[in-house]
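Take a look at the letters that make up each chain.
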Amino acid sequence: MKAFKILIMIFPLSILMGEFSYAQQNKIHSIADQDYVDLINCINATPITTIRQGDTHPFIDMWMVVVDDRIFSRSWLGDPKGWYYKFLEDKKGAIQCGDKFYQIEGIIPDDLDAINEKINTAYIQKYGDGDHPEIAKQMIEAERMARTLELKVIATRP
């Protein structure tokens with residue numbers, strides 16, 4: 001019993017019970033936890049976040065949502081020369097939120113079919129009552145759901 005009490009002190013009960021987020025389970029982010037929390041909070045508080053594919057493309061405005069501590073974005077236009085398809089060619093890029101920059105990889109998540117409904121809900125909750133509710137509704141249509149990327153943070157830049 002004493003060993004169990006010590007174990008509880010070392011590991012939170014939620015971890016022992018397997019109750020932790022997808023991001024924690026899969027170690028999605030490799031930056032300091034506080035930096036990741038800061039980014040998640042910034043994205044949640046900011047309607048428009050900027051993103052850049054590669055190192056030379058300009059930053060563009062983007063709607064991003066957070067689901068299960070993971071960051072997602074969808075291509076509204078689906079331009080074959082646009083950011084989404086550029087990420088498919090080369091997954092490296094960056095997010096700017098506030099005054100911080102984060103190096104990212106834009107990937108199609110393996111569990112896209114399973115998580116798409118949660119992403120839809122996040123888009124409607126975040127943008128449905130905003131300036132463009134009609135676009136929020138379009139973001140959850142099948143055409144745009146198929147153009148969903150997960151933006152995995154790999155490093156923080158000053």
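Residues numbered from 1 in each chain as written. Predicted model: local features only at pLDDT ≥ 70, side-chain atom pairs only at ≥ 80, totals over all residues. Heavy atoms only, no water.

**Focus: the overall build of the protein**
Across its full length, the protein holds eight helices and seven strands. When burial is assessed residue by residue, the protein has 39% of its 158 residues classed as buried. When the accessible surface of the protein is summed, it comes to about 9200 Å², and 56% of that surface belongs to carbon and sulfur atoms. (Helix = DSSP H or I, 4+ residues; strand = E, 2+ residues; numbered from the N terminus. Buried < 20%, exposed > 50% of the residue type's maximum accessible area, 1.4 Å probe, protein only. Areas by Shrake-Rupley, 256 points an atom, 1.4 Å probe, with all protein chains shown as cover.)

**Focus on the state of the cysteines**
Under the definition given, this model contains one disulfide. Covalent S-S linkage joins Cys 42 and Cys 97, the inter-sulfur distance amounting to 2.0 Å. A torsion of -95 degrees about the S-S bond marks the disulfide between Cys 42 and Cys 97 as left-handed. Within this pair, whereas Cys 42 is found in helix α4 (residues 33–45), its partner Cys 97 is found in strand β5 (residues 92–97), the two being separated by 55 residues in sequence. The two residues Cys 42 and Cys 97 agree in class, both being buried. (Disulfide = S-S within 2.5 Å.)

**Some points on the layout of surface pockets**
Its volume calculated, the largest pocket comes out at about 250 Å³. Considering the residues around the largest pocket, the lining is formed by Ile 48, Asp 61, Met 62, Trp 63, Arg 74, Ser 75, Trp 76, Leu 77, Trp 83, Ile 135 and Met 139. (1 Å grid on protein atoms, 1.4 Å probe; cavity = no way out; pocket = protein on both sides within 12 Å on 5 of 7 lines; lining within 4 Å. Points joined across faces, edges and corners; volume = space filled by probe spheres on them.)

**Looking at the packing of aromatic side chains**
Under the definition given, this model contains six aromatic pairs. On the numbers, 6.2 Å between centres and 90 degrees between planes, the contact of Trp 83 with Tyr 84 is edge-to-face. On the basis of relative accessibility, which here comes to 13%, the residue Trp 83 falls in the buried class. Judged by its relative accessible area of 4%, Tyr 84 is buried. Here the aromatic residues Trp 83, Tyr 84, Tyr 85 and Phe 87 are joined through ring pairs into a cluster of three or more. (Phe/Tyr/Trp six-rings, centres within 6.5 Å; stacked < 30°, edge-to-face > 60°.)

**Section: the confidence of the model for the protein**
This prediction gives the protein a mean pLDDT of 83; 79% of its residues lie at or above 70. Mean pLDDT values over the elements of the protein span from 36, in helix α2 (residues 13–16), up to 98, in strand β3 (residues 64–67). Taken as a whole, residues 1–30 scores under 50 in pLDDT and shows 27 contacts with residues more than four places along the chain or in a different chain. (pLDDT = per-residue confidence, 0-100. Contact = heavy atoms within 4.5 Å.)

**Digging into unusual backbone geometry**
We note that Asp 68 has phi near 50 degrees; this positive angle belongs to a residue other than glycine. Looking at the secondary structure, you find Asp 68 in the loop between β3 and β4 (70–74). Note on Asp 68: relative accessible area 33%, which makes it partly exposed. The backbone phi angle of Asp 69 is positive, close to 65 degrees, even though this residue is not glycine.

**Quick word on α4**
With 13 residues, α4 extends 18 Å between its outermost C-alpha atoms, agreeing within 8% with the 18 Å of an ideal straight helix rising 1.5 Å per residue. For α4, the set of buried residues is Tyr 36, Leu 39, Ile 40, Cys 42 and Ile 43. Buried residues in α4, looked at end-on, bunch into an arc of 160 degrees, giving them a common side. The exposed residues of α4 that point more than 90 degrees off its buried face are Asp 33, Gln 34 and Ala 45. (Expected span 1.5 Å × (residues − 1). Arc of directions from axis to C-beta.)

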